[in-house]
Amino acid sequence: MPIIFDSEKKIFKLDTANSSYVIEIYDENYLLHLYYGAKIPDYNLKNLKFKGGFASFSPVNINIEDGRFSPDNCTFEYPCEGTGDFRLSAFAVRNADGNNSTDVRYVSHKIYNGKPGIDGLPSLYASDDSDVTTLEILTEDKVTGIQAILYYSVFEKLGAMTRSVKVINNSDKTVEIERIYSTCVDFQTSNYDMITLYGKWSKERNVARRPLAHGRQTASSKRGSSSHHQNPFGAIVANDATEDFGEAYGFNLVYSSNFSFDVEVDQNSGSRVLLGINPDGFGWKLEPGKTFSSPEAVMVYSDKGIGEMSRIFHRLYRKHLIRGKWKDIKRPLLINNWEATGMDFDGDKIVSFAKKAAELGVDMIVMDDGWFGNRFDDRRALGDWQVNEEKLGGPLSYLIERINALGLKFGIWYEPEMISRDSNLYREHPDWCIHVPNREKSIARHQYVIDFSRRDVRDYIYNEMYKVLSVNKVDYLKWDFNRNLSEIGSAGYPADQQKEIAHRFVLGTYEIMDRLTKDFPDMLIENCSGGGGRFDAGMLYYSPQIWTSDNTDPIERLSIQFGTSMCYPANTMGAHVSASRRAGYETKGNVALWGSFGYELDPNRFTEEEQVTIKEQVKEYHKYYDVIHFGDLYRLISPFENHFRAAWMFVSEDKNEALVTSVVMRKPEDRPFFLRLKGLDPEKYYVDEETNEVYSGALLMNAGLCLNEFSLDDGTSFKKYFKSVK
Ligand code: GLA
């Protein structure tokens, strides 16, 4: 059993294949955190407790005989605000008396197979109840009557666990939740580095790594989305951890709005790691009898370096987060018109793209922004989701028929959460956007954010979408989100609920996405937010792929894809070959093959020679689909560490197949160069399909693959495909 409760010692032990996590119910029912790390067989674990000596200025609990026990110096499971622990707290409730002293202690627990969902929020799921075991710990604040259920679900085989919290107002008074982190881990030391992913539009998810220092360090968003700027992923790794060596703890929030990943190194040089809804600007009024659920945090442990941490996330998300028809079956290879045409297209142009694309072997055409209302440029018409038949040369169904007749599927673009200032919808309902009274609304890309915290607004938008989608054969929908939330407020809620709006907004988005996936289960949804501004696990629950970045330059894409792969699997990353100038089509294809492959250009502009390359790429897409989409990713040379070349490989689960790719970013001075492969079976022999040379896995991993034969020119690249022979 992966979760065990020792009733005598009052210890919970949560084991995965490679990790253990230990909680103690201490005197006075305090829930103490004792350990998270490599798997340990022991059950005699009380000694793991930090016994920090008494320190002046640290308050003690006088009911505990051991006069040295201070909340300020111990490692807590779910630390609360204002009751003796001065570090960052995970939980704070402003009670009816007006203070926010909070103190929840153990009451009871349950252990069972399987994993519950979270009301209104995306979360990981068990494919079969035997995959996951769950522990629920009920805690209560005896003074206020507020209860918090702490959920822990253990994915034993995968080395991962999830945590979330449900608050119940068991009192007869209304309270306000001020802070509710989804997870908190108190580590006994601070000999770690913190890794986070920062960026901006068109330059998403750069890897930032720095040693922890005393005090607080944070990566967060308060943009009303997870954002290009920081990602709700953070890792704590040993100072000497590398891709293949050392301890790494990964944390990721299944959430698409304001989050905070915080680490506080305290007076004892312990480090408290927290991940959850950003408390900055958040508040939730909780009436008697009502509940509130936090988003889910995912925690992954690896004792084999950062690369293995990433692979655990990838396996976990492929199996227990991605859902629906397109989870395991081959997704269509698409072409999107955006980069080639912007909004300057008509039905005939889309058909001309489709015709050429069909000849090249593409499966689907996506008609991007500009097909509805008066949408001739980005200044207008968001919210007017009626097909512009004049532009398309007839009803949408007619365009789709023409495309289907060419043997192609059809996809369409939407941006449901937005409203243009110049739109019929805004003229009719100026209060339907996120705004605060009497204050000018900041505008971005000429648009406001529509108020999805309101049911009436959501229903209206969904019905407009339904009218189009239910009568047309739409195989794919690109859901875009092109600005962040400012002046966050809603005309649909009273003053004392305005702090809820950012969270209510994302709950509204999730609700619409849920309806969409239920009403149109066969439709493939790709998420997008000005490229990868909402690349998070919350979105992956509804859409198995996300447009990784608006930047399609293959060299820039290397760092974007490497950074994204810290947490998210390759098959979730939309990656397209475009007409961008740096590097030729071969390299663009090799880089885009990393993810959910497609094209983003005018196919009628290909030269004869380029068409031959493209047809070859299409074949490769099919040939390598499984090893890329379901294999393990090994980052061989990171563009964050090497400015000359990047290299990576995918290895199938059975280790019988491997695809190795390397790109020259700047001419390296490193002849001869041997690229040491990873993840192969040292005992197996592999044939290089191109040369028919056979090598052992041991040779390829220890001596490496000699790269002398390959070009060293900027922007060149190569792929090598190996298959096992014995
Ligand atoms: C965003 C997306 C692009 C495209 C445009 C359309 O920028 O990331 O791919 O869809 O919007 O307006």
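Structural data are supplied above this passage.
Residues numbered from 1 in each chain as written. Predicted model: local features only at pLDDT ≥ 70, side-chain atom pairs only at ≥ 80, totals over all residues. Heavy atoms only, no water.

**Concerning the pattern of salt bridges**
Okay, so step 1: Counting across every chain of the model gives 56 salt bridges.
Okay, so step 2: For the salt bridge of K356 with E359, the shortest nitrogen-to-oxygen distance reads 3.0 Å. Within this pair, K356 and its partner E359 are both found in helix α3 (residues 347-360), separated by three residues, close to a single helical turn.
Okay, so step 3: Each of D85, R87, D186, D266 and R272 takes part in salt bridges that share partners, so that together they form one network. (Salt bridge = Lys/Arg side-chain N within 4 Å of Asp/Glu carboxyl O. Helix = DSSP H or I, 4+ residues; strand = E, 2+ residues; numbered from the N terminus.)

**A few points about empty space enclosed by the protein**
Okay, so step 1: Counted by the stated rule, this structure contains five cavities of 30 Å³ or more.
Okay, so step 2: Space inside the largest cavity adds up to approximately 140 Å³.
Okay, so step 3: Lining the largest cavity are 15 residues, and of these F76, Y78, C80, D103 and V104 lie nearest its centre.
Okay, so step 4: Class assignment for the residues of the lining of the largest cavity results in nine nonpolar, two polar and four charged. (1 Å grid on protein atoms, 1.4 Å probe; cavity = no way out; pocket = protein on both sides within 12 Å on 5 of 7 lines; lining within 4 Å. Points joined across faces, edges and corners; volume = space filled by probe spheres on them. Nonpolar A, V, L, I, M, F, W, Y, C, P; charged D, E, K, R; others polar.)

**So, the sheet that holds strand β30 (residues 596-600)**
Okay, so step 1: What the eight strands build is a closed barrel, ordered β21-β22-β23-β26-β27-β28-β29-β30; its pairing is parallel. With direction set aside, neighbouring strand axes in the sheet form an average angle of 30 degrees.
Okay, so step 2: Sheet analysis places strand β21 (residues 334-336) next to strand β22 (residues 364-367), joined by three bridges and oriented parallel. Looking at the pairing, I335 lines up with I365 of β22.
Okay, so step 3: Contacts from helix α12 (residues 608-630) reach β29 (573-578) and β30, with the element oriented near 155 degrees to β30. (Pairing = 2+ DSSP bridges. Axes fitted to C-alpha atoms, helices over the stretch in contact; angles between N-to-C directions. Contact = heavy atoms within 4.5 Å.)

**Examining the environment of F410**
Okay, so step 1: Structurally, F410 can be placed in strand β23 (residues 409-414).
Okay, so step 2: The buried category is assigned to F410, whose relative accessible area is 0%.
Okay, so step 3: Remark: the alpha-carbon pair of F410 and V660, spanning 250 residues in sequence, is separated by 32 Å.
Okay, so step 4: The contact partners of F410, leaving out residues within four places of it in the chain, are M364, I365, M367, L396, L399, I400, I403, N404, K473, V474, D475 and Y476. (Buried < 20%, exposed > 50% of the residue type's maximum accessible area, 1.4 Å probe, protein only.)

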